[in-house]
Amino acid sequence: MFYYICLRRRSRSGTRGEALTSRRAVESGQRAALPVSVEVEQYAKEVLDFSSHYGSENSMSYTMWNLAGVPNVYPSSGDFTQTAVFRTYGTWWKQCASAPPPFRRIPKGFHSKDYIELAFEEPVYPTSVEVFETYYPGAIVQILACSHNPFSQNQPTDVRWEVLWSGEPTKAPTPQARQFAPTIKHINFPTNLLRLEVNSSLLDYYTELDAVILRGVKERQMLALYKLPIIDINDLSDGEEELTDVGVPFGKDTERTQNGYFEKLPYELIQLILSHLSLPDLCRLAQSSKLLQQHCYDPLQYTQLSLQPYWARLNDASLGHLQSRCTLLQRLNLSWTGHRGALTLTGISSFLKVCGQNLVCLELSCCHFLNEACLEVVSQTCTQLQELNLSSCDRLSPQAFTHICKFTHLRRLVLYRTKIEQTALLSILTFCVELRHLNLGSCVRIDDYDVVASMLAARCRSLRSLDLWRCRNLTDRGLAELAFGCKMLEELDLGWCPTLQSSTGCFQQLARSLPRLSKLFLTANRSVCDSDIEELARCCPSLQLLDILGTRLVSAAALKKLLQACPLLRLLDVSFCSQIDMRVVQELSGQFPLVSIKKSFTQ
């Protein structure tokens with residue numbers, strides 16, 4: 001009987017004749033003669049989407065676009081500009097004051113922090129996926145396949161994502177290059193669209209990826225009966241898992257059990273117990289009894305809601321089911337959701353009109369369903385908003401950002417990798433004077449960062465953190481105005497800002513003006529010198545994170561003064577600092593064991 005169940009399950013995509021042939025083979029005790037299909041091997045043709053990268057929008061160095069095509073670096077190991085590198089690693093960024101508090105109810109199996117989507121030439125039934133990791137491997141936590149062909153001219157309908165492999169974050173024994181080829185799940189549709197999700201929190205430095213191979217066959221083979229022992233028991237299920245568990249309406253015909261001893265427990269105690277359940281579990285529990293349905297539908301269970309872990313299956317209907325429960329919603333995370341038409345303006349508008357009035361935090365990172373009309377709805381319905389994250393919403397038109405200035409209570413704004421232009425940004429800074437945290441990293445359409453710095457100094461005097469990663473035209477004049485007006489600054493990222501020169505005295509003046517600094521990134525500024533480091537040692541005793549990667553003018557003696565004067569220092573990146581070799585790093589690490597001193601290498 002077991003064989004027949006397997007055949008019924010496996011024959012759904014085959015012809016009736018093929019299924020009957022395999023069934024007769026079972027009955028006669030013979031092995032099924034299966035057609036041999038040639039395995040196709042292909043590298044990624046195109047990078048479609050990603051959440052972040054270390055590189056610039058206007059170059060290829062350290063960008064995700066390096067994952068397309070054959071390997072550039074492998075089998076070599078080390079820090080190479082021709083690889084794909086995500087923006088962060090470790091736990092440093094999450095420990096900063098600018099990091100928002102984590103959402104509750106995150107499923108234990110959801111570890112993803114970044115992602116990249118890759119398109120391949122030919123749709124195949126995957127047999128293996130191989131990733132070339134060339135530096136600090138171990139970040140990949142999930143590999144998914146999509147049913148949609150990204151090169152198709154037709155509008156995507158019924159888009160499905162299947163997990164081929166998933167695991168927990170790991171830390172490889174060495175930072176050396178490796179080929180990562182996990183055993184993958186077999187799926188019942190051909191794919192030429194893969195998604196890699198990563199978590200670099202356990203790594204000692206940036207992970208670097210070089211290429212991805214997709215292997216597979218073009219024709220789906222029938223079940224090989226002599227291999228039946230390796231069939232995954234999950235394949236015998238008649239139904240597919242759907243996100244309708246997240247917010248299914250409770251029908252009249254649903255059978256409910258008695259409430260049992262739950263009726264004897266205080267209401268508050270049941271609420272406390274339910275607060276530890278994940279969102280799907282909460283929705284399933286609501287179907288068990290009238291009493292538990294009442295508890296599971298209580299709006300107090302939904303003051304925080306993170307739908308990011310369910311991005312692959314979330315749609316307008318899901319939001320509709322949750323709508324009545326979220327009337328007290330304060331924090332909402334829709335990051336990564338809504339791709340390829342899954343969420344629409346109608347669905348978002350309907351949800352926010354009911355649930356947006358108390359919203360103070362809205363995470364919309366990588367939400368490509370966003371357009372100007374959608375952002376206008378957000379501005380009209382979420383009038384109490386204090387935190388807004390639009391990170392990597394790079395398809396949002398420049399005009400859409402004008403609506404942000406309506407959030408006059410805004411305290412945290414993330415615009416990393418967006419197309420915001422200077423006029424819209426100045427308008428935001430004019431009206432959003434309560435800003436505490438602002439991220440303008442890789443915003444390449446801003447013409448004059450000196451003007452932006454001047455406006456920040458005049459209007460946002462309570463600013464605590466500012467990310468200007470890869471801004472191309474900030475000068476010492478703008479930096480001086482910023483430091484004079486924003487005395488409360490604790491975190492400042494000036495990485496890859498080539499127009500700042502130490503010879504003007506700007507970095508020493510910065511240290512004297514901002515004694516509260518705990519994080520300072522001067523990444524790839526070749527002009528940083530001993531005088532700058534010594535001034536930081538004198539004026540910034542609270543310094544915890546310092547990145548001076550790439551300078552040739554800092555000596556070991558200056559670093560030792562800094563380490564002695566800054567007892568809270570925990571991260572010091574001296575990669576590609578020509579005067580600081582591995583011997584110096586080992587010596588300083590021995591003297592200051594609490595400080596993680598980074599020195600990358602190129603083999």
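Residues numbered from 1 in each chain as written. Predicted model: local features only at pLDDT ≥ 70, side-chain atom pairs only at ≥ 80, totals over all residues. Heavy atoms only, no water.

Student: What is the right way to read the pairing of strand E4 (residues 114-135) from this model?
Tutor: Side chains on a regular strand alternate between the two faces of the sheet. In terms of burial, E4 is largely enclosed, as 18 of its 22 residues are buried. As defined by bridge partners, strand E2 (residues 46-50) adjoins E4 across four bridges and the pair is classed as antiparallel. Note on E4: the bridge partner recorded for Val47 is Leu118. Note that E4 and strand E8 (residues 191-198) share seven bridges and pair antiparallel. (Buried < 20%, exposed > 50% of the residue type's maximum accessible area, 1.4 Å probe, protein only. Helix = DSSP H or I, 4+ residues; strand = E, 2+ residues; numbered from the N terminus. Pairing = 2+ DSSP bridges.)

Student: Looking at this structure, I do not really get the confidence of the model for the protein. What am I missing?
Tutor: Residues shown with low pLDDT carry predicted positions that ought not to be read at fine detail. This prediction gives the protein a mean pLDDT of 89; 88% of its residues lie at or above 70. Taken as a whole, residues 1-34 scores under 50 in pLDDT and shows 46 contacts with residues more than four places along the chain or in a different chain. Note that residues 223-244 has pLDDT below 50 and, in this model, 40 contacts with residues that lie over four places away or in other chains. (pLDDT = per-residue confidence, 0-100. Contact = heavy atoms within 4.5 Å.)

Student: Help me understand the environment of Trp165 in this model?
Tutor: Here Trp165 shows up in strand E6 (residues 161-166). Each C-alpha atom of the pair Trp165 and Ala145 lies 9.7 Å from the other, and the pair is 20 residues apart in sequence. Leaving out residues up to four positions away in the same chain, Trp165 has contacts with Ile140, Val141, Gln142, Ile143, Phe180, Pro182, Thr183 and Ile184.

Student: Would you mind going over unusual backbone geometry with me for this structure?
Tutor: With glycine set apart, most residues show a phi of negative sign, and most peptide bonds adopt trans. Each neighbour pair has its own omega, and for Tyr74 with Pro75 the value is 15°, a cis peptide bond. Along the polypeptide, Pro75 turns up in the loop between E2 and strand E3 (84-85). The backbone of Ser442 sits at a positive phi, close to 55°, despite the residue not being glycine. With respect to the helices and strands, the residue Ser442 is situated in the loop between strand E15 (437-439) and helix H10 (449-459). Residue Ser442 is classed as buried on the basis of its relative accessible area, which comes to 2%.

Student: Is there a simple way to explain the sheet that holds strand E12 (residues 361-363) in this structure?
Tutor: Hydrogen bonds along the backbone pair up the strands of a sheet, which may run parallel or antiparallel. Read across the sheet, 12 strands follow the order E10-E11-E12-E13-E14-E15-E16-E17-E18-E19-E20-E21 without closing on themselves; strand pairing throughout is parallel. Of all the strands in the sheet, just strand E10 (304-306) and strand E21 (596-598) have a single pairing partner and so form its edges. On average, adjacent strands in this sheet sit at an angle of 5° to one another, irrespective of strand direction. Here E10 pairs with strand E11 (residues 331-333) via three bridges, running parallel. By the bridge assignment for E11, Ser306 is matched with Asn333. (Axes fitted to C-alpha atoms, helices over the stretch in contact; angles between N-to-C directions.)

Student: Explain the state of the cysteines to me, please; I cannot follow it from the model alone.
Tutor: In protein structure, a disulfide is the covalent linkage between the sulfur atoms of two cysteines. For the structure on display, the rule yields zero disulfides. The structure places no disulfide on Cys382, whose sulfur is separated from the nearest cysteine sulfur, that of Cys355, by 9.6 Å. (Disulfide = S-S within 2.5 Å.)

Student: Explanation requested: the packing of aromatic side chains in the structure shown.
Tutor: Given two aromatic rings, their pairing is described by the distance between the two centres and the angle made by the two planes. Applying the stated criterion across every chain yields a total of 20 aromatic pairs. On the basis of an interplanar angle of 75° and a centroid distance of 5.2 Å, the ring pair of Trp165 and Phe180 is categorised as edge-to-face. Placement of Trp165 in strand E6 and of Phe180 in strand E7 (residues 178-180) is noted, with a sequence separation of 15 residues between them. Here Trp165 and Phe180 have matching classes, each one buried. Pairwise contacts between aromatic rings join Tyr54, Tyr62, Tyr89, Trp93, Tyr135, Tyr136, Tyr205, Tyr206, Trp469, Trp496, Phe521 and Phe601 into one cluster. We note Lys519 situated over the ring of Phe521; from NZ or CZ to the ring centre the distance is 4.9 Å. (Phe/Tyr/Trp six-rings, centres within 6.5 Å; stacked < 30°, edge-to-face > 60°. Lys NZ or Arg CZ within 6 Å of the ring centre and 35° of its normal.)

Student: Would you mind showing me how to read the side chain of Glu133 here?
Tutor: With respect to the helices, strands and loops of the structure, Glu133 is situated in strand E4. A distance of 3.1 Å separates a polar atom in the side chain of Glu133 from the backbone nitrogen of Gly138. Ignoring sequence-local partners within four residues, the contact set of Glu133 consists of Gly138, Ala139, Ile140, Gln176, Ala177, Arg178, Phe180, Glu208 and Leu209. (Polar contact = N/O pair within 3.5 Å; in protein donor to acceptor, adjacent residues only side chain to side chain.)

Student: Got a minute to help me understand a nonpolar patch on the surface in this structure?
Tutor: A cluster of nonpolar side chains, contributed by Phe262, Leu265, Leu269, Leu272 and Ile273, occupies part of the molecular surface with about 410 Å² of accessible area. Judged by its relative accessible area of 36%, Leu269 falls in the partly exposed class. (Patch = residues over 30% accessible without salt bridge, like charges linked within 9 Å, V, L, I, M, F, W, Y side chains within 5 Å. Areas by Shrake-Rupley, 256 points an atom, 1.4 Å probe, with all protein chains shown as cover. Salt bridge = Lys/Arg side-chain N within 4 Å of Asp/Glu carboxyl O.)

Student: Explain the environment of Thr174 here, please?
Tutor: Looking at the secondary structure, you find Thr174 in the loop between E6 and E7. Thr174 sits in the partly exposed class, given a relative accessible area of 40%. C-alpha of Thr174 to C-alpha of Tyr135: the two residues are 39 residues apart in sequence and 8.9 Å apart in space.

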